[in-house]
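Breakdown of the fold
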Amino acid sequence: VERVAVKPRALADPGTFTVTFKPFPGSLPILTVPGANNPKDRLLNQTLFSVHSGSAKFEGLQFLLRPSQPKDGQQVAAVQLIGAESCSFTDCVFTLAEEDDSKAAVVTVVDPKEVMAMAVSAQTTPKVKFERCVIRGKGRGVWVKASRAVEVEAAHSLTALDGPVYLAEPKGAASGTKSTLKLTRVTAFI
């Protein structure tokens, strides 16, 4: 098992794409934010992957989501969905370590209008799926930071969170569509 610091990556393409992230056979990396020793790593948004369009799949990965400077009010997440269609996790383990003024989440969903110019009709309802995953620690599972519809599905997974599995904030104008949360054979330690 080896910790691998991931510099934030933006996944964007004018068309539709699907990208899959999985470890090299025989390796067990733990993806985390860059260390606190580098002044450039003091970014407030320490999201590892920002998906602006298309779909992202993560298979067999582990994530350690701990802000490098927790007193700075940083936010750390494995994935931030902006204009994305979907994001799925299969056989993944998430360890969240929210502390002080920082916030940690597996997935954050933001209003694309805050980040990029996008026609209202072009907005999609992002889908987040967990299959055979473990989400543990202090933080949030899926954090919807604006009034935006999202479909969340978890199956055959375990959550042991000091915090919500799903949190939607009432920010911005209502979209008129509803969010869904579907849990199938999920064990939750509260």
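This is a predicted model, so every value here is computed, not measured.

Attention now goes to the overall build of the protein chain. In terms of regular secondary structure, the protein chain is built from one helix and 19 strands. Summarising the internal contacts of the protein chain: among those between residues at least 6 apart in sequence, 83% fall at separations of at least 24. Summing over all exposed atoms, the protein chain offers an accessible surface of approximately 9800 Å²; the carbon and sulfur share of this is 53%.

Judged by pairing direction, the sheet is parallel, and its six strands sit side by side in the order β3-β6-β9-β12-β15-β18 without closing on themselves. The open sheet has two edge strands, β3 (18-21) and β18 (180-184), and neither has a second partner. Here the strands of the sheet are splayed against their neighbours by 10 degrees on average, with no regard to which way each runs. Across five bridges, strand β9 (residues 86-90) lies against strand β12 (residues 127-131) in parallel orientation. Directly across from Ser88, in β12, lies its bridge partner Lys129.

Here the focus is the environment of Ser86. Take Ser86: it is sitting in strand β9. Distance from Ser86 to Ser53, taken between C-alpha atoms, is 8.7 Å for residues 33 residues apart in sequence. The residues contacting Ser86, other than those within four sequence positions of it, are Gly54, Ser55, Ala56 and Lys127. Among the polar contacts listed, one links the side chain of Ser86 to the side chain of Ser55, at a separation of 2.8 Å.

Moving on, we come to the pairing of strand β13 (residues 134-138). Pairing between strand β10 (residues 93-97) and β13: five bridges, direction parallel. Looking at β13, one finds that Leu96 is bridged to Gly137. When β13 meets strand β16 (residues 158-162), the two strands line up parallel, connected through five bridges. For Lys138, the partnering residue across the bridge sits in β16 and is Asp162.

Taken together, the seven strands give an open sheet; going across it, the order is β1-β4-β7-β10-β13-β16-β19, and neighbouring strands pair in parallel fashion. Unpaired on one side and paired on the other, β1 (2-5) and β19 (187-189) mark the two borders of the sheet. Taken over all neighbouring pairs, the strand axes of this sheet differ in orientation by 20 degrees on average, direction set aside.

So, on to unusual backbone geometry. The phi dihedral of Asp100 falls on the positive side, at around 50 degrees, and the residue is not glycine. With respect to the helices and strands, Asp100 occurs in the loop between β10 and β11 (103-109). The class for Asp100 is partly exposed, based on a relative accessible area of 47%. Of note in the backbone geometry, His156 takes a positive phi value of approximately 50 degrees without being a glycine. Here His156 lies in the loop between β15 (151-155) and β16. By relative accessible area, which is 42% here, His156 ends up partly exposed.

Cut-off values and rules
Residue positions are given per chain, counted from 1 along the sequence in the order it is written. The predicted origin of the model limits local features to residues at a pLDDT of at least 70 and limits the giving and counting of side-chain atom pairs to 80 or more, whereas totals for whole chains, interfaces and linings rest on all residues. Side-chain figures throughout are based on the complete set of non-hydrogen atoms in the structure, without hydrogens or water. Where helices and strands are cited, they refer to DSSP runs of H or I of at least four residues and of E of at least two residues respectively, numbered from the N terminus. The contact rule is simple, with two residues in contact once any of their heavy atoms fall within 4.5 Å. Working definition of accessibility: Shrake-Rupley area with a 1.4 Å probe, residue cover restricted to the visible protein chains. Paired strands, in this sense, are two strands between which DSSP finds at least two bridges. Orientation is described by lines fitted to C-alpha atoms, with helices fitted over the stretch in contact, and by angles between N-to-C directions that extend from 0 to 180 degrees. In protein, a polar contact means a hydrogen-donor-capable atom and an acceptor-capable atom, both N or O and within 3.5 Å, with residues adjacent in sequence counting only if both atoms are side-chain atoms; elsewhere, any N or O pair within 3.5 Å suffices. For each residue, the accessible area found with a 1.4 Å probe, counting protein chains only, is set against the maximum for its type, and the residue is called buried under 20%, exposed over 50%, and partly exposed in between.

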